[in-house]
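Descriptive structure summary
So the chains spell out like this:
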Amino acid sequence: MRKKRWITFDLDGTLMQNPFGGWVFPEIAAAVAGWLGRPYDIVAELVGEHERRLRQGRYVEAYDWDGMLAGLLGRLGIRESVEIAAIVQKHAVPPKIRLLEAEVPAVLAALQAKGYALAAVTNGFYKYQDPVMEALGLAEYFAAVVTPERAGAGKPDPAILRPLGGEVVAHVGDRLDHDVQLANRCGAFSVFVCRGLPEELQAVDPRLRSRHDLMRQICLEKWKREGGAQTEGQGAALLPAELLPQAVIGTIGELPSLVDGLCR
């Protein structure tokens, strides 16, 4: 049997917009404020705990939103419980969720036609991601959906790819710290999705964009927003090599021609 050639995808920020920021977190915040009888920024507490766990390398626990929320409610003396997956399910309807580009399904189909097996490799737990994928018609394109609680690891730990077997030819994502670093660590072709590329970069071959000084500066600024480089005025040359993508695409439509010839 021929070994599978995988192209793996991040989901949130790469292919789709989930309902957490616009709908799930606000509903949780309103419920907690009601139980306490006063305003309380439970979302800031949740995000703070999430970021603390990420800094500690606890990638699986960092995305267990139900577990983190239960702990916070307990410390606040709130006996009521919240099932975040149920809230996600309720809000997993357009326009609360959306594909980030209308051509996403056509691109995924084109990659399948080229003989690649597709997998979603996401740090979001399956119970949060599946309702959104189903509602947007994405689930049918993926032969596998790999999530931290299933794999026992989260991006950028290469161990998250172990359930796939075969060869991961390329990984596509919108984060340097999670997606590009994961691909570079495991020897896959790292494709960084960077929408809104300046015209100067749009004219450059996607495989050469990361060598451009402007792109390196964009990557450095992105890494800072992800919580990486903290010192103001750092030069682009200080971007760690593991965070430098092998290709940069401004739209998902650039992907099919980019991956031609990666693994024949």
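The structure under discussion appears in the preceding block.
Since we're looking at a predicted model, the values are computed, not measured. (Residues numbered from 1 in each chain as written. Predicted model: local features only at pLDDT ≥ 70, side-chain atom pairs only at ≥ 80, totals over all residues. Heavy atoms only, no water.)

1. Comments concerning the overall build of the protein
- Helix and strand content of the protein: eleven helices and eight strands.
- For the protein, buried positions account for 50% of its 264 residues.
- Across the protein, contacts joining residues at least 24 apart in sequence account for 69% of those joining residues at least 6 apart.
- Surface summary for the protein: the accessible area is close to 12,100 Å², and the carbon and sulfur share equals 50%.
- Taking the average location of the 30 positive side-chain charges in the protein and that of its 33 negative ones, the two points are 4 Å from each other. (Helix = DSSP H or I, 4+ residues; strand = E, 2+ residues; numbered from the N terminus. Buried < 20%, exposed > 50% of the residue type's maximum accessible area, 1.4 Å probe, protein only. Contact = heavy atoms within 4.5 Å. Areas by Shrake-Rupley, 256 points an atom, 1.4 Å probe, with all protein chains shown as cover. Lys, Arg positive; Asp, Glu negative; His and termini not counted. Charge placed at Lys NZ, Arg CZ, Asp CG, Glu CD.)

2. Focus: the layout of surface pockets
- In this model, the largest pocket occupies a volume close to 1,200 Å³.
- Lining the largest pocket we find 40 residues, and of these His50, Leu54, Tyr63, Arg175 and His178 sit closest to its centre.
- At the level of secondary structure, the elements contributing two or more residues to the lining of the largest pocket comprise strand S2 (16-17), helix H1 (20-36), helix H2 (42-55), helix H6 (126-136), helix H8 (176-186) and helix H10 (213-225).
- Classifying every residue of the lining of the largest pocket by side-chain character gives 13 nonpolar, 14 polar and 13 charged. (1 Å grid on protein atoms, 1.4 Å probe; cavity = no way out; pocket = protein on both sides within 12 Å on 5 of 7 lines; lining within 4 Å. Points joined across faces, edges and corners; volume = space filled by probe spheres on them. Nonpolar A, V, L, I, M, F, W, Y, C, P; charged D, E, K, R; others polar.)

3. A closer look at the pairing of strand S4 (residues 117-121)
- A large share of S4 lies buried, amounting to five of its five residues.
- By the alternation rule, side chains of S4 split into Ala117, Ala119 and Val121 and Leu118 and Ala120, which are all buried.
- When strand S1 (residues 5-9) meets S4, the two strands line up parallel, connected through four bridges. Residue pairing for S4: isoleucine 7 is matched across the bridge by leucine 118.
- Relative to strand S5 (residues 144-146), S4 runs parallel, the two being bridged by three bridges. Within the sheet, the bridge partner assigned to alanine 119 lies in S5 and is alanine 144.
- With respect to chirality, the unit in which S4 leads through H6 into the neighbouring parallel S5 is right-handed. (Pairing = 2+ DSSP bridges. Right-handed = clockwise from strand over helix to strand, strands pointing away.)

4. Observations concerning the packing of aromatic side chains
- Tallied over the entire structure, the rule returns six aromatic pairs.
- When the centroid spacing of 5.4 Å and the interplanar angle of 75° are considered together, the rings of phenylalanine 20 and phenylalanine 25 count as edge-to-face.
- With a relative accessible area of 10%, phenylalanine 20 lands in the buried category.
- Through successive ring pairs, a cluster of aromatic residues spans Phe20, Phe25, Trp65, Phe125 and Tyr128.
- Taking NZ or CZ as reference, arginine 5 lies 4.6 Å from the ring centre of tyrosine 116, over its face. (Phe/Tyr/Trp six-rings, centres within 6.5 Å; stacked < 30°, edge-to-face > 60°. Lys NZ or Arg CZ within 6 Å of the ring centre and 35° of its normal.)

5. Observations regarding the packing of H1 against H2
- At their nearest, the axes of H1 and H2 sit 8 Å apart, and the two run at 120° to each other. Accordingly, the angle class assigned to the pair H1 and H2 is oblique. On H2, the residues touching Phe25, Ile28, Ala29 and Val32 of H1 are Ile42, Val43 and Leu46.
- Of the residues belonging to the contact of H1 with H2, the class tally is seven nonpolar, no polar and no charged. (Axes fitted to C-alpha atoms, helices over the stretch in contact; angles between N-to-C directions. Parallel < 35°, antiparallel > 145°, perpendicular 65-115°, else oblique.)

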